[in-house]
Amino acid sequence: MMNEARARGVARILIDEAAIQARIRELASELDDLYGTDTPLMVGVLNGAVAFMTDLMRAMTIPVKIDFMAVSSYGASTQSSGVVRILKDLNEEIEGRRVLVVEDIVDSGLTLQYLLDVLERRNPIDLRVVALLKKEKVAAAEVRVDQVGFAIPDEFVVGYGLDYAGRYRNLPYVAVLDPRTIEEGQ
Ligand code: IMP
């Protein structure tokens, strides 16, 4: 494992750094083709999408603009509460623009569905979603995600932007958390 100190509490690597970066290059090339001469506004969902967003936008060759939204997350729990709150809204107007929402992970899909409803009401030309990870569960299947990096089993994962209680975001890979870390409330 790359860095023992950063990785403490991690049970196993699910998607390594090379696989993430290779998949991002594929997604970026699809997005380049899709938007062509248009300049999409990439909307990153803070804080989890930061790693994915910065790598994805640099792998794209077309011009893009970026903005961020922050919504309430689970806090220190590993279950979605179903309550979504906007903590930080966009700086940009999106009416008449092409918007690409960049998400770290779709679990229950509640957060994404809420965001899409809010953004759709602002009349963008089109609204698409790219998510690095999507859990293989029924609820997640109901929300629209145009591009998915990796479908993963329904386990709690950390790294590459994803946290548990604010930690592990800076791991360059996606890993499964050791259940003992959750029990110990670290
Ligand atoms: P959802 O509303 O259940 O789809 O979850 C949305 C948010 O919860 C994601 O954007 C993540 O920030 C967080 N989340 C969901 N599953 C995980 C996980 O396995 N690890 C870390 N964060 C997660």
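Everything discussed here concerns the structure shown above.
Described in the following lines is the structure provided in the data block. Per chain, the residues get numbers from 1 upward, laid out in the order the sequence is written. Local features in this predicted model are restricted to residues whose pLDDT is 70 or higher, and side-chain atom pairs enter the listing and the counts only when it is 80 or higher, whereas totals over whole chains, interfaces and linings include all residues. As a rule here, side-chain values come from all non-hydrogen atoms in the structure, and water together with hydrogens is ignored.

1. Digging into the overall build of the chain
In terms of helices and strands, the chain carries 6 helices and 9 strands. Burial classes follow relative accessibility: with a 1.4 Å probe on protein chains only, a residue under 20% of its type's maximum area counts as buried, one over 50% as exposed, and anything between as partly exposed. Scored against the burial criterion, the 186 residues of the chain give a buried share of 48%. Residue pairs at least 24 apart in sequence account for 64% of intrachain contacts in the chain once pairs closer than 6 positions are excluded. Runs of E in the DSSP output that reach at least two residues are strands. Runs of H or I that reach at least four are helices, and both are numbered from the N terminus. Contacts: residue pairs with any heavy atoms within 4.5 Å of one another.

2. Observations regarding the nonpolar core
The criterion is simple. A nonpolar core is a set of buried Ala, Val, Leu, Ile, Met, Phe, Trp, Tyr and Cys residues joined through side-chain atoms within 4.5 Å. If you look at the biggest cluster of nonpolar residues, it comprises 27 residues, and the most contacted ones within it are Phe52, Leu56, Val102, Leu133, Val157 and Tyr160. When residues of this core are traced back to their parent elements, those giving at least two are α2 (17–35), α3 (50–59), β5 (98–106), β6 (126–135), β7 (147–152) and β9 (174–177). Setting aside residues up to four positions removed in sequence, Val102 forms contacts with Met42, Val43, Gly44, Val45, Ala49, Phe52, Met53, Leu56 and Val130. Residues Met69, Ile94, Leu119 and Val129 belong to the second largest nonpolar core, which totals 20 residues.

3. Re the environment of Pro172
With respect to the helices, strands and loops of the structure, Pro172 is situated in the loop between β8 (157–158) and β9. Separated by 152 residues in the primary sequence, Pro172 and Ile20 have C-alpha atoms spaced 8.8 Å apart.

4. Here we look at the environment of Asp67
Structurally, the position occupied by Asp67 is in strand β3 (residues 65–71). Judged by its relative accessible area of 4%, Asp67 falls in the buried class. Along the primary structure Asp67 and Asn91 are separated by 24 residues, whereas in three dimensions their C-alpha atoms are 6.7 Å apart. If we skip the residues at most four places from it in the chain, Asp67 touches Leu41, Met42, Val43, Gly44, Met53, Lys88, Leu90, Asn91 and Glu92. Within the local environment of Asp67, its side chain forms a polar contact with the backbone nitrogen of Asn91, the two atoms lying 2.8 Å apart. Here the side chain of Asp67 touches Glu92 through a polar contact of 2.8 Å, landing on its backbone nitrogen. N or O atoms closer than or at 3.5 Å make up a polar contact, with two conditions inside protein: a donor-capable atom paired with an acceptor-capable one, and, for residues adjacent in sequence, both atoms drawn from side chains.

5. Some thoughts on the packing of aromatic side chains
Within 6.5 Å between ring centres, the rings of Phe, Tyr and Trp (the latter by its six-membered ring) count as paired, and their orientation is classed by plane angle as stacked under 30 degrees, edge-to-face over 60, tilted in between. Applying the stated criterion across every chain yields a total of 1 aromatic pair. With 6.1 Å between their ring centres and 85 degrees between their planes, Phe156 and Tyr164 make a pair best called edge-to-face. Summarising the burial analysis for this pair, Phe156 and Tyr164 share the class buried.

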